[in-house]
Amino acid sequence: MTMTRKPGAIATTGAGGSGAPASTPPPQRRGGRIFFGWYIVGAGFLLSAILGGLMFHAFGQYVVVLEAEFGWSRTSLSAAFSIQMVESGLLGPIQGWALDRFGPRRIMLVGITIFGFGFLLLSQINTLTEFYIAFVVIALGLSAGAGMGMMVAVVNWFNRRRSLAIGIATAGFAFGGLLQPGVAWSLEHVGWRETAIASGLIVIAVGLPLAGLMRHRPSQYGYGVDGDPPLQHQVGDGRLADFDPGEVNFTLQQALRTRAFWLISFGHAASLLVVGAVMVHFVSHVTDSLDYSLGQAANLLLVMTVTSVIGMLGGGYLGDRLPMRYILTVAMLGHMASLLVLTLWLSLWGALAFTVIHGIAFGVRGPLTQAIRADYFGRAAFGTVMGFSSLIIIIGMVFGPIVAGLSYDLTGSYRTGFIGLALVAGLGSLLFLASTRPPPPPSERRGPLASAP
């Protein structure tokens, strides 16, 4: 017997699909109901802004002050960032499976708590070993509390406007750059230890309520994808279906057999060679080459933030209308061009040109590397597919900062390292160009139950 409900009615299935009551109904507004997916997008934006602003963008500023106080080499400081990325990559498959199995909210609440505690540990370090330990904790919390969990939630709630929704949510990471003048002022005038303590407290106090808004499947709350009426047919033990019978969803094993999975993953890794190097070394580069203060460098990050937000929103809009692999190819060429400009045009105008080109390329590429996976492989096992992709993606975030740091320590300049990374990013554009949509999996694997990881 088929259960029917009015559109927007609250399902009786709990988060785990066990028949427990669903969570509190989504909020309403006068004259109609706001699609709860947009609350998830808004919470993701704010959470990304806080986490990105206090660590993603701020790491390069910590490099400057820690080098000045302890005399550690830039290669050693870059290694901490790489350790953080390695841990995130290795945990990716487990985290992706857990997100698909238990939903993003539980995982993110634990991650945010660990992330905030990591900042408190950072404030107490006095040796390089302690510095590495603190960043291992930060990496564990950041991996569980940030991007992938938010992405799983957004992907499951949106289809037609998925690229735009991802673009808005991930724009928070770029928007976090607006915090950099404040972070720089705090590091210079209050102290890096006090700044780390304040950051940890802010993460916990603000991040936990935002993570609590994350939800897994819209059917659990009486919605269909994109706010459409929920699916009316049942599956298994009477639960309402999360996926249309005609929707194609790949399992992890099926995705791994496609050429597109590997091309997208290695192309993503190539882009992060540039992103990782810039994130760790940009501030050091402009303070050395242009003799800028930490505050002036933070202002350049502010320009990059604005252009990144524009790129994310524009890329999200275009991604719902044009083939994403072509847009990603152009963005990768932008990564290459921007790093060459930064390296070869040592002036204020060169630095400004870099911030604009890199910001737009970063903004456009960021959400679309996630959206293209959901578009190609479906929603059902998105977290698991993304988690296994992280084992490859992390190559870029690990080796980009190390290559740039070694270049500086060995030659006294970032020139050689930056040029090499730029050329690899250019080659990465060809990987996205070749990543055509894979053929659908066998017909017996289609439908709501076929794609369970």
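How each quantity is defined
Here the residue index of a chain counts from 1 through its sequence in written order. For a predicted model such as this one, the threshold for reporting local features is a pLDDT of at least 70, and the threshold for listing and counting side-chain atom pairs is 80 or more; totals across whole chains, interfaces and linings nevertheless cover every residue. With hydrogens and water set aside, each side-chain value is computed from the structure's full complement of heavy atoms. A patch consists of residues whose relative accessible area exceeds 30% and which take part in no salt bridge; residues with like charges are grouped when within 9 Å of each other, and nonpolar side chains (Val, Leu, Ile, Met, Phe, Trp, Tyr) when within 5 Å. Each accessible area value is a Shrake-Rupley result obtained with a 1.4 Å probe; residue values ignore everything except the protein chains displayed when judging cover. Each reported salt bridge corresponds to a side-chain nitrogen of Lys or Arg within 4 Å of a carboxyl oxygen of Asp or Glu. Numbering of helices and strands runs from the N terminus, with a helix taken as a DSSP run of H or I at least four residues long and a strand as a DSSP run of E at least two residues long. Every axis in this analysis is a line fitted to C-alpha atoms, fitted for helices over the stretch in contact. Angles between the N-to-C directions lie between 0 and 180 degrees. Here the word oblique covers every angle except those under 35 degrees (roughly parallel), over 145 (roughly antiparallel) and from 65 to 115 (roughly perpendicular). Should the near helix be turned counterclockwise from the far one by less than a right angle, the crossing is left-handed, whereas a clockwise turn marks it as right-handed. By definition, residues are in contact when any of their heavy atoms lie within 4.5 Å. Pairing of aromatic rings covers Phe, Tyr and the six-membered ring of Trp, with a centre-to-centre limit of 6.5 Å; geometry is then stacked below 30 degrees between planes, edge-to-face above 60, and tilted otherwise. Burial classes follow relative accessibility: with a 1.4 Å probe on protein chains only, a residue under 20% of its type's maximum area counts as buried, one over 50% as exposed, and anything between as partly exposed. Any Lys NZ or Arg CZ that is within 6 Å of a ring centre and within 35 degrees of that ring's normal is treated as a charge sitting over the ring. Residues enter a nonpolar core if they are buried and are Ala, Val, Leu, Ile, Met, Phe, Trp, Tyr or Cys, with the set joined through side-chain atoms within 4.5 Å. Looking at any residue, its pLDDT shows the predictor's confidence there, from 0 to 100. In this analysis, the expected span of each helix is defined as 1.5 Å times one less than the number of residues it contains. The term polar contact refers here to a pair of N or O atoms within 3.5 Å; inside protein, the definition further demands a hydrogen-donor-capable atom paired with an acceptor-capable atom, and it admits residues adjacent in sequence only when both atoms are side-chain atoms.

The subject of this paragraph is a nonpolar patch on the surface. On the surface, a nonpolar cluster with roughly 440 Å² of combined accessible area is contributed by Trp262, Phe266, Ile395, Phe399 and Val403. For the nonpolar patch, the element with the most residues is helix H15 (residues 382–411), which contributes three residues.

With that out of the way, let us pick up the packing of helix H14 (residues 348–377) against H15. The N-to-C vectors of H14 and H15 enclose an angle of 130°; their axes lie 11 Å apart at closest approach. It follows from the interaxial angle that H14 and H15 lie oblique. Seen from above, H14 lies across H15 with right-handed handedness. Along its contact with H14, which presents Gln370, Arg373, Ala374 and Phe377, the element H15 presents Phe382, Val385, Met386, Ser389 and Ile393.

For the rest of this paragraph, the subject is the packing of aromatic side chains. Taken as a whole, this structure holds 21 aromatic pairs when the rule is applied. Residues Trp97 and Phe102 carry aromatic rings whose centres are separated by 5.8 Å and whose planes lie at 90° to one another, so their mutual orientation is edge-to-face. Their ring planes at 80° and their centres at 6.3 Å tell us that Tyr376 and Phe377 sit as a pair that is edge-to-face. Comparing Tyr376 with Phe377, the two get one shared label, buried. A connected cluster of aromatic rings, assembled from ring pairs, spans Phe59, Phe70, Trp72, Phe131, Tyr132, Phe135 and Trp192. The residue whose ring lies beneath Arg321 is Tyr317, and the NZ or CZ to ring-centre distance is 3.7 Å.

We now examine the nonpolar core. By size, the foremost hydrophobic cluster in this structure holds 123 residues, and its most contacted members are Tyr62, Phe119, Leu122, Phe131, Val154, Phe282 and Leu339. Per-element accounting of this core gives the leading share, 15 residues, to helix H11 (residues 259–289). In this structure, Val154 is in contact with Ile40, Val41, Ala165, Ile166 and Ala169, ignoring residues within four places of it in sequence.

In this section: the confidence of the model for the chain. For the chain, mean pLDDT is 81; residues scoring 70 or higher make up 87% of the total. Low pLDDT, under 50, characterises residues 1–31; the predicted model gives this stretch 66 contacts beyond four residues in sequence or across chains. In the model, residues 444–453 has pLDDT below 50 throughout and makes 33 contacts with residues more than four positions away in sequence or in other chains.

The next point concerns the pattern of salt bridges. Per the stated rule, a full pass over the model turns up two salt bridges. One salt bridge connects Asp226 with Arg160, and the closest N-O pair in it is separated by 3.9 Å. Of the two residues, Asp226 is situated in the loop between helix H9 (192–211) and strand E3 (234–235) and Arg160 in the loop between helix H6 (147–157) and helix H7 (162–175); the sequence distance between them amounts to 66 residues. Residue classification places Asp226 among the buried positions, given a relative accessible area of 5%. Close ionic contact of Arg437 with Asp375 constitutes a salt bridge, the shortest N to O distance being 2.7 Å. A residue pair is termed long-range when its members are at least 10 positions apart, and Arg437 in the segment after helix H16 (415–434) and Asp375 in helix H14 qualify at 62 residues.

Moving on: helix H2 (residues 59–70). In this model, H2 (twelve residues) spans 16 Å end to end at C-alpha, consistent with the 16 Å of a helix rising 1.5 Å per residue. Two residues or fewer past H2, Gly71 is found with a positive phi of approximately 75°.

A rise of 1.5 Å per residue sets the reference length of helix H5 (residues 128–145), with its 18 residues, at 26 Å; its end C-alpha atoms lie 25 Å apart and thus fit the reference within 8%. Of the residues making up H5, those classed as buried are Phe131, Ala134, Phe135, Val137, Ile138, Ala139, Gly141, Leu142, Ser143, Ala144 and Gly145. Lining the buried residues of H5 we find helix H1 (36–56), H2, helix H3 (74–102) and helix H4 (104–122).

So, about the packing of H7 against H14. Closest axis-to-axis distance for the H7/H14 pair is 9 Å, and the angle between their directions is 145°. As for how H7 packs across H14, the hand of that crossing is right-handed. Between H7, through Arg162, Ser163, Ile166, Gly167 and Thr170, and H14, the contact on the second element is made entirely by Pro367, Leu368, Gln370, Ala371, Ala374 and Asp375.

Let's shift gears to the side chain of Ser389. As for its placement among the helices and strands, Ser389 is situated in helix H15. What makes Ser389 buried here is its relative accessible area of 0%. One polar contact links Ser389 to Ser265, side chain to side chain, over a distance of 3.5 Å. Once you skip the residues sitting within four places of it in the chain, Ser389 turns out to touch Phe261, Ser265 and Arg373.

Tracing the backbone through its elements, the reader meets Leu90 in helix H3. Between the C-alpha atom of Leu90 and that of Ile394, which follows or precedes it by 304 residues, the distance is 8.6 Å.

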